[in-house]
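Structural features, examined
One-letter residues, chain by chain:
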Amino acid sequence: MADTQQVDESKQGAKDERRAAKLAKEIGSFARAHGGAEGQIAYIGQMGTRIVLVGEDGGWGDLVAPTYAVARSAVEKAGITVHEDFDGDFAAKVETGPYEWTRMAGIQIGGPSNR
């Protein structure tokens with residue numbers, strides 16, 4: 001029984017490593033497209049862990065990793081700066097445009113829809 005468990009853990013470890021490498025590649029691509037990037041990792045429950053990316057040009061995006069460990073490994077492989085919180089100076093780097101403002105206003109009662 002223990003041998004089977006070790007094989008399963010080994011397979012899962014290899015799978016997690018591949019996923020982290022793929023995410024790191026995507027993070028690196030985002031960073032190159034936006035003149036560099038910084039990030040923040042946030043656990044989002046059973047869905048996994050969210051990696052929020054903010055480019056030097058103000059562009060932003062996110063990725064979802066299956067676990068916090070995979071997300072942490074991915075950002076380390078990508079070599080980006082990781083913030084503990086999405087606040088203050090870091091949040092101020094995000095540039096939003098008309099699309100985001102329309103979407104946010106559309107959520108409010110009576111706000112414009114984005115249709």
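1. Digging into the confidence of the model for the protein chain
- Confidence in the prediction of the protein chain, expressed as mean pLDDT, is 87, and 83% of residues score 70 or more.
- By mean pLDDT, helix H4 (residues 98-107) is the weakest element of the protein chain at 68, and helix H2 (residues 68-78) is the strongest at 97.

2. Re the environment of Ile80
- You can see Ile80 is positioned in the loop between H2 and strand S4 (81-83).
- Under the relative-accessibility criterion, Ile80 is labelled buried at 13%.
- Linking Ile80 and Gly36, residues 44 residues apart in sequence, is a C-alpha distance of 8.1 Å.
- Apart from residues lying up to four places away in sequence, Ile80 is in contact with Ile27, Ala37, Glu38, Gly39, Leu53 and Val75.

3. So, the nonpolar core
- Formed by 16 residues in total, the largest nonpolar core has its most connected members in Leu23, Ile27, Ile51, Leu53, Leu63, Ala74 and Val75.
- Contributions of two or more residues to this core are made by helix H1 (2-33), strand S1 (37-43), strand S2 (49-55), strand S3 (60-65) and H2.
- A total of 5 residues in this core trace back to one element, the largest contributor, which is H1.
- Once residues lying within four places of it in the same chain are set aside, the contact partners of Ile27 are Ile51, Leu53, Leu63, Ala74, Val75, Ala78 and Ile80.

4. Describing the sheet that holds S2
- With mixed pairing, the 4 strands of this open sheet are ordered in space as S3-S2-S1-S4. Every interior strand has two partners, whereas the edge strands, S3 and S4, have only one. Geometrically, the sheet is characterised by an average inter-axis angle of 30 degrees between neighbouring strands, direction not taken into account.
- Here S2 pairs with S3 via 6 bridges, running antiparallel.

5. Some points on the environment of Glu17
- Turning to its location among the elements, Glu17 is positioned in helix H1.
- The spatial distance from the C-alpha of Glu17 to the C-alpha of Ser73 is 8.1 Å, given a sequence separation of 56 residues.
- Of the polar contacts made by the side chain of Glu17, one reaches the side chain of Lys77; its length is 2.5 Å.

6. So, the pairing of S1
- Across the 7 residues of S1, 5 count as buried, placing the element largely inside the fold.
- Strand direction decides the pairing type here: S1 and S2, joined by 7 bridges, are antiparallel. From the neighbouring strand, Gly39 faces S2, where its bridge partner is Leu53.
- The pairing of S1 with S4 spans 3 bridges and is classified as parallel. Each bridged residue has a counterpart across the sheet, and for Glu38 the counterpart in S4 is Thr81.

7. A closer look at a negative patch on the surface
- Negative charge collects at one region of the surface, where Glu84, Asp85, Asp87 and Asp89 lie side by side.
- Take Glu84: it is sitting in the loop between S4 and helix H3 (88-92).
- For Glu84, a relative accessible area of 61% puts it in the exposed group.

What counts and how
- Each chain carries its own residue numbering, running from 1 in the direction its sequence is written.
- A pLDDT threshold of at least 70 governs which residues receive local features in this predicted model, and a stricter bar of 80 or more applies before side-chain atom pairs are shown or counted, although totals over entire chains, interfaces and linings include all residues.
- Heavy atoms from the whole structure form the basis of all side-chain values; hydrogens and water molecules are not counted.
- Scored from 0 to 100, pLDDT reflects the predictor's confidence in each residue.
- By definition, any uninterrupted DSSP run of H or I lasting at least four residues is a helix, any uninterrupted run of E lasting at least two residues is a strand, and each is numbered from the N terminus.
- Here's how the labels work: a residue is buried when its accessible area is under 20% of the maximum for its type, exposed when over 50%, partly exposed in between, all with a 1.4 Å probe on protein chains only.
- The contact criterion used throughout is that any non-hydrogen atoms of two residues lie within 4.5 Å.
- Only buried residues count toward a nonpolar core, which is a set of Ala, Val, Leu, Ile, Met, Phe, Trp, Tyr and Cys residues joined through side-chain atoms within 4.5 Å.
- A strand pair is defined by DSSP finding two or more bridges across the two strands.
- Angular values range over 0 to 180 degrees, each being the angle between N-to-C directions of two axes fitted as lines to C-alpha atoms, with helices fitted over their stretch in contact.
- Residues adjacent in sequence count toward polar contacts only when both atoms are side-chain atoms; beyond that, a polar contact is any pair of N or O atoms within 3.5 Å, and within protein one must be able to donate a hydrogen and the other to accept it.
- Every patch collects residues that have over 30% relative accessible area and no salt bridge, joining them within 9 Å if they carry like charges and within 5 Å if they are nonpolar side chains (Val, Leu, Ile, Met, Phe, Trp, Tyr).
- Method for areas: the Shrake-Rupley scheme with a 1.4 Å probe, in which residue coverage is limited to the protein chains shown.
- Basic side-chain nitrogens of Lys or Arg form a salt bridge, by our definition, when they fall within 4 Å of a carboxyl oxygen of Asp or Glu.
- By the counting rule applied here, Lys and Arg register as positive and Asp and Glu as negative, while His and the ends of each chain are not counted.
- Note on charges: their place is set at NZ of Lys, CZ of Arg, CG of Asp or CD of Glu.

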